[in-house]
Amino acid sequence: MAAAAIRALRLLRAALGWASLALGAYFLLGWIGSSFPVNRDFRETDDGVEILIATNGVHNSVVMPARTEGLDWHRVFPPSDLGNPYRPYTHVGISWGQREVFLDTPTWADLSPLLVLRVAVVGGEGLMHVEHWVNPQPSEHYRPLRISRAQYRRLVRALLRDLPPPEQRRSYPGYGAQDVFYGARGTYTLYLTCNEWVGESLRRAGILTGAWTPFESSVMKWVPPPEQ
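Each chain has its residues counted from 1, running along the sequence as written. Whole-chain, interface and lining totals are the exception, using all residues; otherwise, since this is a predicted model, local features are given only for residues with pLDDT of at least 70 and side-chain atom pairs are given and counted only at 80 or more. Side-chain measures here rest on the full set of heavy atoms in the structure, leaving out hydrogens and waters.

Novice: Sorry, what's going on with the packing of aromatic side chains here?
Specialist: Each pair of aromatic rings is reported with the distance of its centres and the angle of its planes. When two rings of Phe, Tyr or Trp (its six-membered ring) have centres within 6.5 Å they constitute a pair, described as stacked for plane angles under 30 degrees, edge-to-face for angles over 60, and tilted for the intermediate range. Tallied over the entire structure, the rule returns 10 aromatic pairs. Judged by centre distance (5.2 Å) and plane angle (85°), the rings of Y175 and F181 are edge-to-face. For the exposure calls, accessible area comes from a 1.4 Å probe over protein chains only, and a residue counts as buried if that area is under 20% of its type's maximum, exposed if over 50%, partly exposed in between. Using a relative accessible area of 40% as the deciding quantity, one classes Y175 as partly exposed. Put simply, the rings of Y26, Y191, W212 and F215 pair up and form one aromatic cluster.

Novice: Any chance you could explain the sheet that holds strand β2 (residues 49-55) here in plain terms?
Specialist: Strand pairing in a sheet takes place through backbone hydrogen bonds and is either antiparallel or parallel in direction. Read across the open sheet, the 7 strands follow the order β8-β2-β3-β6-β7-β10-β9; overall the sheet is antiparallel. Lying at the two open borders of the sheet, with one neighbouring strand each, are β8 (142-147) and β9 (171-173). Strand-to-strand, the axes of this sheet are offset by a mean angle of 30°, without reference to chain direction. Pairing between strands is defined by DSSP: at least two bridges between the two strands are required. We count a stretch as a helix when DSSP gives it H or I for four or more residues in a row; a strand needs E for two or more, and each element gets its number in order from the N terminus. With 8 bridges connecting them, strand β6 (residues 91-98) and strand β7 (residues 124-133) associate as antiparallel partners. When the sheet's bridge partners are listed, I94 is paired in β7 with V130. Here, two residues are considered to be in contact whenever any of their heavy atoms come within 4.5 Å of each other. The angle between two axes is taken between their N-to-C directions and runs from 0 to 180 degrees, where each axis is a line fitted to C-alpha atoms and a helix contributes only its stretch in contact. In the packing of helix α5 (residues 149-159) onto the sheet, contacts are made with β2, β3 (60-65), β6, β7 and β8, and the angle to β3 comes to roughly 125°. Sitting on the sheet, helix α6 (residues 194-205) touches β2, β3, β6, β7 and β10 (179-188), and the angle it makes with β6 is about 125°.

As structure tokens, then:
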């Protein structure tokens, strides 16, 4: 009995050791991948479109004017899908992530270790998160970038790449009165994380970012905070 307990303890220690090693390697690879710049010739454009790269400390999104360059985001994501459709929304913020993490964890305290482990091992179905804002102001958490009109058009196409056509689109209540979720294509994996999805969108648009951006900091390290 004692020998079996000792063997079990050794196996547990070995498993924890390998898990810690794998986790450390993942974070190291994420740091390395995000440190190689893509679109290094990118320069902000004085007469372009101002977007905001947003963060809540864990998750990134792209915030854009609701109406500009001939695109009305309110026709794509109507405010009527919101809990409060009556505010004078000026911007939309778009991100993508894992369905269960989005829908079942309204706060980080609701995120269970078992869900994190299952998503890390097997991935999960994608979901799009759309937030509507009234005049968001540049800050440490909303960093502005002024991009060219051509880059903006490419960014729009990139952000819409996983959105099903309207007849196949399903919406889900958001966390509050000004956000909503939509069913989306794509599979969340350890490689294609919510933040890498944002990074890939920026790369497709020709905007400076890292080669692989699995973490929130992987994206934000390339976007300077606004001048005070």
